[in-house]
Amino acid sequence: MSTTTTRGVARPASAKASPARPRRELRGSSTFNFWLFTSPFLIGLTVFVYVPIGWSLWLSFFEARFTVTPSTFVGFDNYWQMLQDSKFTGSLITFTVFAAFIVPATWALSLGLALLVNRLRFMKAFFRSVFFLPTACSYVAAALIWKMSMFSGVRFGLMNTVLGWFGVENIAWLANPDPPWYWLVIVTLRLWLQAGFYMILFLAALQNIPPELYEAAAIDGARPGWQTFRHITLPQLRATSTAVILLLVIAAYQAFDEFFNLLAKTTWGRPPLVELYYTALGESQDYGEGSAGAVILTLLILVVTLAQGRFLGFGRGDDK
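The shown structure was predicted, so the numbers you read here are calculated from the model rather than taken from an experiment.

### Description of the packing of helix α3 (residues 86-119) against helix α7 (residues 182-207)
Put simply, α3 and α7 touch, their axes get as near as 6 Å, and they point 45 degrees apart. Judged on the interaxial angle alone, α7 and α3 are oblique. α7 is crossed by α3, and the crossing has right-handed handedness. Within the contact of α3 with α7, the residues separate by chemical class into 22 nonpolar, six polar and one charged.

Now the structure itself:
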């Protein structure tokens, strides 16, 4: 570095200010960036979701056997044939009853777990992770574990081994529809797989409740426990409870993996999706009737969901 001398004292020469570099602006506008990042997802959603849904709706009005190309227009005949199919309509009725049971059971179990975990003063993260871990398990893998290890129906099954300690004979859990022990297998499997996920939703809602509400209730003389839960906690969880119930209703009608792997070779206990699977991909391979059945199932889920949301007040303000 060069220096200048003033009265015998060396001083560094002032450095020349380097010209400021112009900043590189992002190419295009914010709209271009938005479509740049979202277009792959939108393309995949359109190709693999919207187009198949539209094509299935189109096929439901045509005769399409052993081909996905419509041949003869039949109008609503496919819908009429599916509504006359006792197996399909029976599965719709059965799974309406199944939804009426599994939805409140899962709701109560997940809310109870959330309340217990929320009250813990130590190891809260550990128990939260333990209860949530089954959600990451594959439905197929869990169904095979339940079928081959837990409820095997032979003497090596865990449940039969435990019952044998009390002198109870081995039970064929998945072999006979009378008595319908297979529902116990399916319900316990569903509870184990689903409760942890909805517990996280309730836990997040519990942590968002202002503690001032409980302090005010204590000052007013409210007893901790059921009275506080009924008049403070439960009303504050109204929006989360409604969302959880709607998700559970949809999931109940869309059950497929565990039923197919547990009851694949049986003709009883099939969910609507399994009946549609055998209609569209079985021996007849009638894609027209299968598509019509899928539309009927979708409309049923839509009606039940809207009715449930209407009853629970989904979308209404807290003051209404």
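### Examining the packing of aromatic side chains
Evaluation of the coordinates by the stated rule reveals 24 aromatic pairs. Between Trp58 and Phe62, the aromatic rings sit 4.9 Å apart at their centres with planes inclined by 40 degrees, giving tilted as the arrangement. Cluster of aromatic residues (ring-pair linked, three or more members): Phe95, Phe98, Tyr182, Trp183 and Phe259.

### Some remarks on the packing of α3 against helix α9 (residues 226-236)
Their axes nearest at 14 Å, the elements α3 and α9 cross at an angle of 100 degrees. The orientation of α3 with respect to α9, classified from their angle, is roughly perpendicular. Here Trp107, Leu111 and Leu115 of α3 lie close against α9, whose contacting residues are Phe229, Thr233 and Leu234. Of the residues that constitute the contact of α3 with α9, the class distribution is five nonpolar, one polar and no charged.

### A closer look at the nonpolar core
Counting 55 residues, the largest nonpolar core has Phe98, Phe259, Leu262 and Leu263 as its most contacted members. Taken together, the elements giving at least two residues each to this core come down to α2 (77-84), α3, α5 (139-150), α7, α10 (238-253), α11 (257-262) and α13 (287-312). Ranked by residue count, the leading element in this core is α7, at 15 residues. Filtering out sequence-adjacent residues up to four positions away, Leu263 remains in contact with Leu174, Tyr182, Ile186, Trp268 and Gly269.

### Quick notes on the pattern of salt bridges
In total, this model carries two salt bridges according to the counting rule given. Two residues, Asp286 and Arg65, come together in a salt bridge whose shortest N-O distance is 3.3 Å. Taken as a pair, Asp286 in the loop between α12 (272-281) and α13 and Arg65 in the loop between β3 (62-63) and β4 (72-73) lie far apart in primary sequence, 221 residues in all. Among the ionic pairs, Glu258 bridges to Arg190, the shortest N-O distance being 2.5 Å. Of this pair, Glu258 sits in helix α11 while Arg190 sits in helix α7, and the two are 68 residues apart along the sequence. Under the relative-accessibility criterion, Glu258 is labelled buried at 1%.

Definitions and cut-offs
Residues numbered from 1 in each chain as written. Predicted model: local features only at pLDDT ≥ 70, side-chain atom pairs only at ≥ 80, totals over all residues. Heavy atoms only, no water. Axes fitted to C-alpha atoms, helices over the stretch in contact; angles between N-to-C directions. Helix = DSSP H or I, 4+ residues; strand = E, 2+ residues; numbered from the N terminus. Parallel < 35°, antiparallel > 145°, perpendicular 65-115°, else oblique. Left-handed = near helix turned anticlockwise from the far one by under 90°. Nonpolar A, V, L, I, M, F, W, Y, C, P; charged D, E, K, R; others polar. Phe/Tyr/Trp six-rings, centres within 6.5 Å; stacked < 30°, edge-to-face > 60°. Contact = heavy atoms within 4.5 Å. Core = buried A, V, L, I, M, F, W, Y, C linked by side-chain atoms within 4.5 Å. Buried < 20%, exposed > 50% of the residue type's maximum accessible area, 1.4 Å probe, protein only. Salt bridge = Lys/Arg side-chain N within 4 Å of Asp/Glu carboxyl O.

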